[in-house]
Amino acid sequence: MSTPTPALSWPDPGEVLPIAALRPVLERLSSLAVTRPDVVALIPGLSTGEEEVAADPPPALAQIVDEIGGVRVGDRVELTLLIEDRVGEGPYTLLQDATAFYPLHEGEDVAVVLTLAEDGTPGAVYGIGEDLALHLAAPDLGAYLSCFAEALERALVEAEEETEVRGESTIEAVRALLDLHLYRDVLGLDPEDDTVPEATVLEPAPAEQAPQPPAGETLPADTVAVVDLRGAPLGAVAPVMDAELPGEPLDWHLEWRAGGLLLCIVAA
C-alpha cells in the first residue's frame, strides 16, 4: 500500500526513527495480541493493511507506521500511530502548530501526544488532562511504548481475577485497569493524588526582559516562562493554566525545546 499524501507541511526530519530500536516492544505487543485475540488487536500498518488509510503521520515515524498502526482493546483504540483526524481544540488548545505534536491516544477531553521538534525529530511524550496540565509520560516514544505494553500486560493478568470477582467482561476490566496503571498518572485522572510530582513553572521575567534560556538553548520569541522537565521524574506535571503569568492563559501557546523537555510558554 502506498503512503498517504501528507495533508500537513511536515518538516523533513534529520533522520527517521529506526524500527530496530523499537523491535522488542513491538514484538511484546504482537505477542499480547496473539495470546489474547479476544481482547487485544494490533491495527495494521501502512504496508500490512489491506484498506487505504487516511492518516498523516510525521515522516520521522515512517518505519514504525509501516509495520503497526496502533493497538485496540475491544473496539476502543488505546494506542494510535495512524491517526486520521487532527483537531485544534480540547486538549490541543495550547498546541497551535499541528506539526509540533502527534496524538498517540485520545479520550474525552484528554490526549497523549508525542512532541516533535522544529526539524521533525520526535521527543518527549506528554499526557494532557482536562485542565490542560501536561504530565510527563516518557522521555521518548520507545519509552512510552514500553510503559504502554507493561501496563497492558499487567491489566490482562489482573483482569482474570477482576472478572471472576465482579462478573464483568474481560475487555471492560482491562480498560479499567489501563486507566489505573497508565492513564491515571499520564492524564491526571486522580486529582486527589498528592503524590504526583509537580514541575516548577519559572517566575516570569520583568516586562522589559525575556526569560533567560538554559545553557545551550534558544527560546522562541515572546516566551514568557519556561518549564524545565530535564531530569524530572515521570508523571511530573506542568500546570500551565495555573501559572501566574501576564496575559490570558488561553492566549498562550506551547513550544518545545531540548527534545520536548523544555516547555516554553509563549504569549500570543
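Quantities reported herein were computed from a predicted structural model and do not represent experimental measurements. (Residues numbered from 1 in each chain as written. Predicted model: local features only at pLDDT ≥ 70, side-chain atom pairs only at ≥ 80, totals over all residues. Heavy atoms only, no water.)

### Notes on the pattern of salt bridges
Phase 1: Counted according to the given criterion, the structure contains nine salt bridges.
Phase 2: A salt bridge links arginine 36 to glutamate 160; the shortest N-O distance between them is 2.6 Å. On the criterion of sequence distance, the pair formed by arginine 36 in the loop between helix H1 (19-35) and strand E1 (40-44) and glutamate 160 in helix H3 (residues 141-166) is long-range, its members being 124 residues apart.
Phase 3: As a salt-bridge pair, arginine 76 and glutamate 78 come within 2.5 Å of each other at their nearest N and O atoms.
Phase 4: Residue class for glutamate 78 comes out buried when judged on its relative accessible area of 0%.
Phase 5: By sharing partners, the salt bridges in this structure join Arg36, Asp38 and Glu160 into a single network. (Salt bridge = Lys/Arg side-chain N within 4 Å of Asp/Glu carboxyl O. Helix = DSSP H or I, 4+ residues; strand = E, 2+ residues; numbered from the N terminus. Buried < 20%, exposed > 50% of the residue type's maximum accessible area, 1.4 Å probe, protein only.)

### Describing a negative patch on the surface
Phase 1: A surface patch of negative charge is lined by Glu108, Asp109, Glu130, Asp131, Asp242 and Glu244.
Phase 2: Turning to its location among the elements, aspartate 109 is positioned in the loop between strand E4 (101-107) and strand E5 (110-116).
Phase 3: Taking relative accessible area as the criterion, aspartate 109 reaches 45% and is therefore assigned partly exposed. (Patch = residues over 30% accessible without salt bridge, like charges linked within 9 Å, V, L, I, M, F, W, Y side chains within 5 Å. Areas by Shrake-Rupley, 256 points an atom, 1.4 Å probe, with all protein chains shown as cover. Lys, Arg positive; Asp, Glu negative; His and termini not counted. Charge placed at Lys NZ, Arg CZ, Asp CG, Glu CD.)

### Some thoughts on unusual backbone geometry
Phase 1: Here the phi dihedral of leucine 132 falls at roughly 65°; this positive angle occurs in a residue that is not glycine.
Phase 2: On the secondary structure map, leucine 132 appears in the loop between strand E6 (122-128) and strand E7 (134-138).
Phase 3: Unusually for a residue other than glycine, alanine 258 sits at a positive phi of about 55°.
Phase 4: Secondary-structure assignment places alanine 258 in the loop between strand E10 (253-257) and strand E11 (262-266).

### Digging into H1
Phase 1: Over its 17 residues, H1 runs 23 Å from end to end, which matches the ideal 24 Å to within 8%, given 1.5 Å per residue.
Phase 2: Roughly 35° is the biggest bend found in H1, and it falls at valine 25.
Phase 3: Listed in full, the buried residues belonging to H1 are Ile19, Leu22, Val25, Leu26, Leu29, Leu32 and Ala33. (Expected span 1.5 Å × (residues − 1). Bend = angle between axes of the 7 residues up to and from the residue.)

### Comments concerning the pairing of strand E3 (residues 76-80)
Phase 1: Of the pairings in the sheet, the one linking strand E2 (residues 68-73) to E3 comprises four bridges and is antiparallel in character. By the bridge assignment for E3, arginine 72 is matched with valine 77.
Phase 2: What sits between the antiparallel neighbours E2 and E3 is a turn of two residues, in which glycine 74 has the positive phi angle 65°. (Pairing = 2+ DSSP bridges.)

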